Amino acid sequence: MSEIPKAYEPQSVEEKWYQFWCEEGCFTADPARVNEQRPGYSIVIPPPNVTGMLHLGHVLNNTIQDILSRKARMDGREVLWLPGTDHAGIATQVQVEKALKREEKKTKYDLGREEFLKRVWAWKEKHGGIIIQQLKKLGCSCDWTRERFTMDEDYSRCVQKVFVDLYKKGLIYRGKRMVNWCPVSQTALSDEEVEMKPQKGFLWYFRVEVADAPEAPATESSAGEGTESDGKDEKPTYGPIVENGKTYLLIATTRPETIPGDTAVAVNPKDPRYTHLVGKHVIRPLPVENQARIPIVADEHIDIEFGTGVLKVTPAHDKADFDIGQRHQLPAVDVLNPDGTMSELAGADLKGLDRFEARKVAAAKLTEIGALVKEERYENNVGFSQRADVPIEPRLSEQWFLKYPSVKEALACVEQAEEGSARGSRADSGGSPESSSQVLKLEGDVLDAPSNTARGPRALPGKMRFHPDRWAKVYDHWLSNIQDWCISRQLWWGHRIPAWTQPVTGPTQWVRALPQAVEENTPWTTDLQSSRGFDYSLSGVPGHTTVFQRYRLHGGGPGIYAATLSSVEEAKLAEYGFTQDPDVLDTWFSSWLWPFATMGWTGDPAVDAENPMLKAFYPTSDLVTGPDIIFFWVARMIMAGYEWMGDLPFRNVYFTGIIRDKQGRKMSKTLGNSPDPLDLIAKYGADALRFGVMRSAPLGQDVLFDEKDVELGRNFCNKLWNACRFRQMQGGEVEGEINPALLGSDDKWILLRLDQAICEIDEAFADYKFNEVTATLYRFFWSEFCDWYLEAAKAAFQGEDPARKANVLAVIDFVLGHMLRVFHPFLPFITEELWHDLGYAEDLPEDQGGKTIMVAHWPKPFDNDVKAHYGLEPTAEQLANAKYDLVTKGRNFRREFNIPANKKIAFALRPAGQLESHEADVIRLLLNAETLEVNPAYVPPKGTPSAHSPLGELYLPLEGLIDAEAEKARLTKELAKVEVEIQKVEQKLGNENFTARAPAHVLAEHRQRLADWQARQEQIRAAVDCLS
RNA sequence: GCGCGGUUAGCUCAGAGGUAGAGCACUUCCUUGACACGGAAGGGGUCGCAGGUUCAAGUCCUGCAUCGCGCACCA
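Values in this document were obtained by computation on a predicted structure and should not be read as measured data.

Criteria and thresholds
- Residues numbered from 1 in each chain as written.
- Chains lettered and ligands numbered in written order.
- Predicted model: local features only at pLDDT ≥ 70, side-chain atom pairs only at ≥ 80, totals over all residues.
- Heavy atoms only, no water.
- Helix = DSSP H or I, 4+ residues; strand = E, 2+ residues; numbered from the N terminus.
- Buried < 20%, exposed > 50% of the residue type's maximum accessible area, 1.4 Å probe, protein only.
- Areas by Shrake-Rupley, 256 points an atom, 1.4 Å probe, with all protein chains shown as cover.
- Near = heavy atom within 4 Å.
- Polar contact = N/O pair within 3.5 Å; in protein donor to acceptor, adjacent residues only side chain to side chain.
- Nonpolar A, V, L, I, M, F, W, Y, C, P; charged D, E, K, R; others polar.
- Phe/Tyr/Trp six-rings, centres within 6.5 Å; stacked < 30°, edge-to-face > 60°.
- Lys NZ or Arg CZ within 6 Å of the ring centre and 35° of its normal.
- Expected span 1.5 Å × (residues − 1).
- Arc of directions from axis to C-beta.
- Contact = heavy atoms within 4.5 Å.
- Pairing = 2+ DSSP bridges.
- Salt bridge = Lys/Arg side-chain N within 4 Å of Asp/Glu carboxyl O.
- Disulfide = S-S within 2.5 Å.
- Axes fitted to C-alpha atoms, helices over the stretch in contact; angles between N-to-C directions.
- Parallel < 35°, antiparallel > 145°, perpendicular 65-115°, else oblique.
- Right-handed = clockwise from strand over helix to strand, strands pointing away.
- Left-handed = near helix turned anticlockwise from the far one by under 90°.
- Core = buried A, V, L, I, M, F, W, Y, C linked by side-chain atoms within 4.5 Å.

**Q** Looking at this structure, how should I read the overall build of chain A?
**A** Each helix and strand counted, chain A has 33 helices and 35 strands in total. Within the span of chain A, comprising 1028 residues, buried residues form 53% of the whole. Counting only carbon and sulfur atoms, one obtains 50% of the accessible surface of chain A, whose full area is about 45,000 Å².

Take a look at the structure:
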């Protein structure tokens, strides 16, 4: 034991212990140690981007994972918290491209693919470890020996394997379709990467001439626009315009620049205004040099109410239009380049312009040719690229798609917490895998045995639970309506698609080139109808195969696709004239394998069945992540888990809230409202940051972050530090034996409070309510242990009884020893430091806290034997409570009568019964009294303030110093309050319905309450009498 | 449009049928031998609104208001 400094200084402590834990291998999981007595517990980290920097979201997320991991270790489980990063395709590539431009003024094309990728790897080696280092500062107990990266060789192989497997199953296909195109990143995106945002723009109304209109009836309105009768909101009505014998249609659009791409206009077949024109043609106004005739088609999709009821159809640049085009066999004219500029086909006026510039020019052009009728301000939802924050461009493009596998299983496994039946599963998870901790039987003090509480809404066997469970509904909805996943990205950084292609130029070309067997067995497939591929070994080397499919694109030529994992086969394919697909896979197509690809999964069932890591740690126990990636990641991992492991990937998913600033705004770099967690750690300490964040993060709510929370965390640590320092300053034997015979009411009270706290904490843990745990920790340690128990203990320390003093020390050690352990998951550093400083590690076996508090046993609530042994009967608690109540009232006198807090004054107590002298000593000390005269026959001088308690009457005899009138006023005020309470209770008890129907214990409680208030009333009245 | 969440003390949030809670902020007093990153004592709420169920409603039900978040092809 060394002297500890007055204020807690986290920096050196944190550094020292983190290094110690790592050097001693405290975080390293060993699958060989897993058995019935020692169940495995596992979490895979949601891999942060290699480009990433730690932000408060990471702090929240990873602190929770660390708490779960550390708690599980103390529960006696073998814990794997598996860390790593993902390669973040677009984000990383963009960063490196930017750096390249800045430093060398070059583009990736200047370097070429291979050289560019070298640069990305170099960049990754240099910057990729930053976030990992930051997680270490936070205290994360990840198994760093098993750190993974999604581009690791083994991991990449898993990705390829999965691709070929799905391809072979006919679930992956290539198709020419409308995709979400990001003109900045110049790649396709999945639907999930598109964010709808309201945009202010214009609705342009322009007219087009019907080229082959029937003779206009004379009665036809000649105006295209009218207004509906006399309504206040003048809602224009539209119809064909007849003017000078010509018929025109009025069309509303937000995107006039795409007019050159229009290949039809469409109306609803039920729209009487236009039915006679269906089948006719209009003259497309742009480009002016190419005013083509395009048909008027009838399609149900058109909303009669919207705009003019006429829709321009641009199959190449709108998803809905594309579908209409399919239904009516319309050509698609692509008027945009991949970078968002207008193409040749857009015509001379627009060609080369950026799409937004072109929009203005197109509108001007319409005005110029007299086609524009009007423009109005308009707000609509536009899809934005999440990554580049620019409007996406729906674009017809050839991409790889995936029909999601194992959807049925994924839908079935997540328990929907509905009213009724599902509620039943809340109770004991008797048969659940989580209860495997119940088989734990560890020797030692009952108080030291690990907790085996497995209450709460944990998942049933084979099932999964979301916390909070409302996300199950969101998940369910998404999974029930999913579209095929566009998995190819036009990037260089990522997993290159292991598919090779060769277009078929002539009817027999490929047949000559490839072996007969391939031709005969290779099925045809299209993007609408898939089938299983044909497996063949081109090289003839055993175990090396290629999967072939013959492919016909929509409106395109036929081709052959081949997918293989084998480099030997790849060489052969090259020989036969195949080229590898240049694209890479969506990053999520690799992260969805994270829970098992990180554990050495190979895809070979025989090998995987013998994999000790998978056997010990799959399925993982808990996943902690943000709800913003429920579709991107969580749902897809569940599908992958079923598809390749035949089992769900995790049992519980904890969804964190989103961290916002104290005004409720999202954290963002541009707002500058996102504090750097490392600064906070430097200023307050990692424990303080952890505690502060956890304290303000209720389950299922967003977190409004305030630096004050971290300050509070620091204060808490400092308080803990000083409480332990106080203990240390008392000296004496460490963790002496507690003698039950010497326990006073305060000792018993704090032991009961400790028991209560442990119960509450276990319960909150079972429900993943971490902020409730912190609330209990805070209350128990600060409001109960420090404010009352330590203060009361000073009476023994100042007293003359060495046996009592030693016993109080033993109680303090007992409580602190338990407290440090329940604090440990939240405050790993300071608890480890104090654990050793106070000498609690000394007598314990190495693997039970002797080396580190990390594996000290989690405290267990007291059983009846323990309670009986220490005499922890409810009356002990009542006596202590009565004492504290009396003390509070006594202290209140100081304020009422303006007596400075530091002035020692004399009190007198007329006890209601027997009061042991050391109990009186405690009261005297807590009152900061000069003396406390305990006298059953005490008669107070007139005008003496008094307070009533079950322990007796407390008096403050300050002759001459007390203003009798003021005291009378005080008592009268209190009397009024008491009378209000009496009235309330009497009213209730006077209600026959209440007395007849309320349960007995409620009734009894009310009667007791009334009696208490009435006694109080009497006492105050007596006191008032005494004053006059 | 559909779905989900919030609305409780000045602020941030707990509480889910039986006497309204915490932290911060505020007021007064206190550098007393663990801690001023501290101690003591206080003040402060008709629990968004309106109905209903109940002996009893922040708590359960129905509607409404309001803020926020998902999902959705209205040009």
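**Q** Looking at this structure, I do not really get the protein's contact with RNA strand B. What am I missing?
**A** In the vicinity of RNA strand B there are 59 residues, among which Asp303, Phe306, Arg725, Trp782 and Arg997 approach most closely. Looking at RNA strand B alone, sugar and phosphate atoms form 61% of those within 4 Å of the protein. A distance of 3.1 Å separates a sugar or linking oxygen of RNA strand B from a polar backbone atom of Ala901. Among the elements of the structure, strand 11 (246–253), strand 16 (372–385), helix 12 (471–480), helix 23 (707–729), helix 25 (770–798), helix 29 (874–896), helix 32 (992–997) and helix 33 (1000–1027) are those that each provide at least two residues to the surface near RNA strand B. For the surface near RNA strand B, the leading source of residues is helix 23, giving 11 residues. Considered class by class, the residues forming the surface near RNA strand B number 22 nonpolar, 18 polar and 19 charged.

**Q** Would you explain the packing of aromatic side chains in this entry?
**A** Any aromatic ring pair is given by two values, namely how distant the centres are and how the planes are angled relative to each other. Scanning all chains against the criterion turns up 59 aromatic pairs. When the centroid spacing of 6.2 Å and the interplanar angle of 55° are considered together, the rings of Phe765 and Phe826 count as tilted. One end of the pair, Phe765, is in helix 24 (residues 745–766); the other, Phe826, is in the loop between helix 26 (802–823) and helix 27 (828–837), and 61 residues separate them in sequence. Both residues of the pair, Phe765 and Phe826, count as buried. By way of ring pairs, the aromatic residues Phe163, Tyr167, Trp400, Tyr404, Trp478, Trp485, Tyr561, Phe589, Trp592, Phe631 and Trp644 are connected into one cluster. Just above the ring of Tyr248 sits the side chain of Arg207; from NZ or CZ to the centre is 4.1 Å.

**Q** Can you help me understand helix 9 (residues 355–368) in this one?
**A** Residues lying three or four places apart along an α-helix face the same way, a consequence of the helix completing one turn every 3.6 residues. Between its first and last C-alpha, helix 9 extends 19 Å over 14 residues, near the 20 Å set by a 1.5 Å rise per residue. Looking only at helix 9, the buried set comprises Arg355, Ala358, Arg359, Ala362, Ala363, Lys365 and Leu366. Angularly, the buried residues of helix 9 cover 160° about the axis, an arc narrow enough to put them on a single face. Across from the buried face of helix 9, at angles greater than 90 degrees, the exposed residues are Lys360 and Glu368. If you follow the buried residues of helix 9, they end up packed against strand 7 (194–209), strand 16 and strand 17 (393–402). A side-chain oxygen of the first residue of helix 9 lies 3.1 Å from the backbone nitrogen of Phe356; this N-cap is Asp354. Just downstream of helix 9, Gly370 is the residue with a positive phi angle, here 75°.

**Q** Even after reading the chapter, I still don't get the environment of His495, so can you show me in this structure?
**A** Within the element layout of this structure, His495 appears in the loop between strand 20 (488–489) and strand 21 (499–503). Considering only alpha carbons, one finds His495 and Ala188, 307 residues apart in sequence, at a separation of 15 Å. If we skip the residues at most four places from it in the chain, His495 touches His87, Thr150, Met151, Ser156, Val159, Asp583, Val584, Leu585 and Ser590.

**Q** Just to check I follow, could you spell out the sheet that holds strand 19 (residues 485–486) for this structure?
**A** Strands pair in a sheet through their backbones, by hydrogen bonds, and they do so in one of two ways: parallel or antiparallel. The sheet built from four strands is open, its strands ordered 6-5-17-19 with antiparallel pairing. Among the strands making up the open sheet, the edge pair consists of strand 6 (187–189) and strand 19. Two elements, strand 17 and strand 19, share two bridges in a ladder whose sense is antiparallel. Counterpart to Phe401 in the pairing with strand 19 is Cys486.

**Q** Please clarify how unusual backbone geometry should be interpreted in this entry.
**A** When glycine is set aside, most residues are seen to have a negative phi, and most peptide bonds are trans. That bond from Leu286 to Pro287 is cis: its omega, -10°, falls within 30 degrees of zero. With respect to the helices and strands, Pro287 occurs in the loop between strand 13 (281–283) and strand 14 (293–298). In this model, Tyr618 is joined to Pro619 through a cis peptide bond whose omega is 0°. Positionally, Pro619 belongs in the loop between helix 19 (612–617) and strand 28 (620–625). Although it is not a glycine, Ala88 sits at a positive phi angle of roughly 45°. As for its placement among the helices and strands, Ala88 is situated in the loop between strand 3 (84–85) and helix 3 (89–104). Positive phi is not limited to glycine here, since Gln186 has a value of about 55°.

**Q** Is there a simple way to explain the pattern of salt bridges in this structure?
**A** Summed over all chains, the structure comprises 57 salt bridges. Here Lys108 makes a salt bridge to Glu97, at a shortest N to O gap of 3.6 Å. In this pair, Lys108 is assigned in helix 4 (residues 108–111) and Glu97 in helix 3, connecting sequence segments 11 residues apart. Residues Glu379 and Lys200 are paired through a salt bridge, measuring 3.9 Å at the closest nitrogen-oxygen approach. Of this pair, Glu379 sits in strand 16 while Lys200 sits in strand 7, and the two are 179 residues apart along the sequence. What makes Glu379 partly exposed here is its relative accessible area of 46%. Residue classification places Lys200 among the exposed positions, given a relative accessible area of 74%. Several salt bridges converge on common partners, so that one network encompasses Arg255, Glu257, Arg355, Arg359 and Glu393.

**Q** I'm lost on the state of the cysteines in this one. Help?
**A** Covalently bonding the sulfur atom of one cysteine to the sulfur atom of another cysteine gives a disulfide. Counted under the stated rule, the structure contains zero disulfides. Free cysteine: Cys22, not disulfide-bonded; nearest cysteine sulfur from Cys26 at 8.5 Å. No disulfide involves Cys717; its sulfur sits 11 Å from that of Cys724, the nearest cysteine. You can call Cys717 buried: its relative accessible area is 2%.

**Q** What should I look at first to understand the packing of helix 3 against helix 5 (residues 113–127) in this one?
**A** Relative placement of two packed helices is described by the angle separating their axes and the distance separating the axes. For the pair helix 3 and helix 5, interaxial distance at closest approach is 10 Å and the crossing angle is 100°. Taken together, the axes of helix 3 and helix 5 lie roughly perpendicular to each other. Along the contact surface, helix 3 presents Thr92, Gln93, Gln95, Val96, Glu97, Leu100 and Glu104, while helix 5 presents Phe116, Arg119, Val120 and Trp123. The class makeup of the residues in the contact of helix 3 with helix 5 is five nonpolar, three polar and three charged.

**Q** What is the right way to look at the environment of Ala292 in this model?
**A** As for its position among the elements, Ala292 is in the loop between strand 13 and strand 14. For Ala292, a relative accessible area of 23% gives the class partly exposed. A sequence separation of 256 residues divides Ala292 from Phe548, and the C-alpha atoms of the two residues are 43 Å apart. Dropping the residues within four chain positions of it, Ala292 is found in contact with Val282, Ile283 and Arg284.

**Q** So what exactly am I meant to see when it comes to the pairing of strand 28 here?
**A** It is a general feature of regular strands that their side chains alternate between the two faces of the sheet. Burial analysis of strand 28 places six of its six residues in the buried class, the great majority of the element. Each parallel crossover has a hand, and for strand 28 linked through helix 20 (residues 630–645) to strand 29 (residues 650–655) it is right-handed.

**Q** Help me understand the environment of Arg73, please; the structure alone is not making it clear to me.
**A** Structurally, Arg73 can be placed in helix 2 (residues 56–74). Between the C-alpha atoms of Arg73 and Arg38, which are 35 residues apart in sequence, the distance is 9.9 Å. In this structure Arg73 touches Cys26, Phe27, Val79, Ser141 and Met854, once residues within four positions along its chain are discounted. In this structure the side chain of Arg73 is engaged in a polar contact, spanning 2.9 Å, whose partner is the backbone oxygen of Ser141.

**Q** Whenever I open this one, the packing of helix 29 against helix 30 (residues 917–926) confuses me. Can you help?
**A** Where helix 29 meets helix 30, the axes come as close as 9 Å, and the angle between the chain directions of the two elements is 30°. The hand of the helix 29/helix 30 crossing is right-handed. Each of Leu879, Lys883, Tyr884, Leu886, Val887 and Arg891 in helix 29 lies in contact with helix 30, whose residues at this interface are Glu919, Val922, Ile923 and Leu926.

**Q** Before we go on, may I ask you to explain the nonpolar core in this structure?
**A** Note that soluble globular proteins tend to have their nonpolar side chains buried in a common cluster. Ranked by internal contacts, the top residues of the largest apolar core, which has 206 residues, are Phe163, Phe466, Phe589, Leu593, Ile638 and Phe785. With 15 residues, the top contributor of residues to this core is helix 25. Those residues in contact with Phe589 that sit more than four places away from it in its chain are Val159, Val162, Phe163, Leu166, Ile172, Leu402, Trp485 and Ile487. With 31 residues, the next largest nonpolar core counts Met342, Ala362, Leu366 and Ala371 among its residues.

**Q** Would you take a moment to explain the pairing of strand 1 (residues 40–44) for this structure?
**A** Of all five residues in strand 1, five are buried, a share of seventy percent or more. In strand 1, alternate side chains face the same way, and those of Gly40, Ser42 and Val44 on one face and Tyr41 and Ile43 on the other are all buried. With five bridges connecting them, strand 1 and strand 2 (residues 78–82) associate as parallel partners. Bridging across to strand 2, Tyr41 finds its partner in Val79. Taking the sense of rotation as the criterion, the β-α-β connection linking strand 1, helix 2 and strand 2 turns out right-handed.

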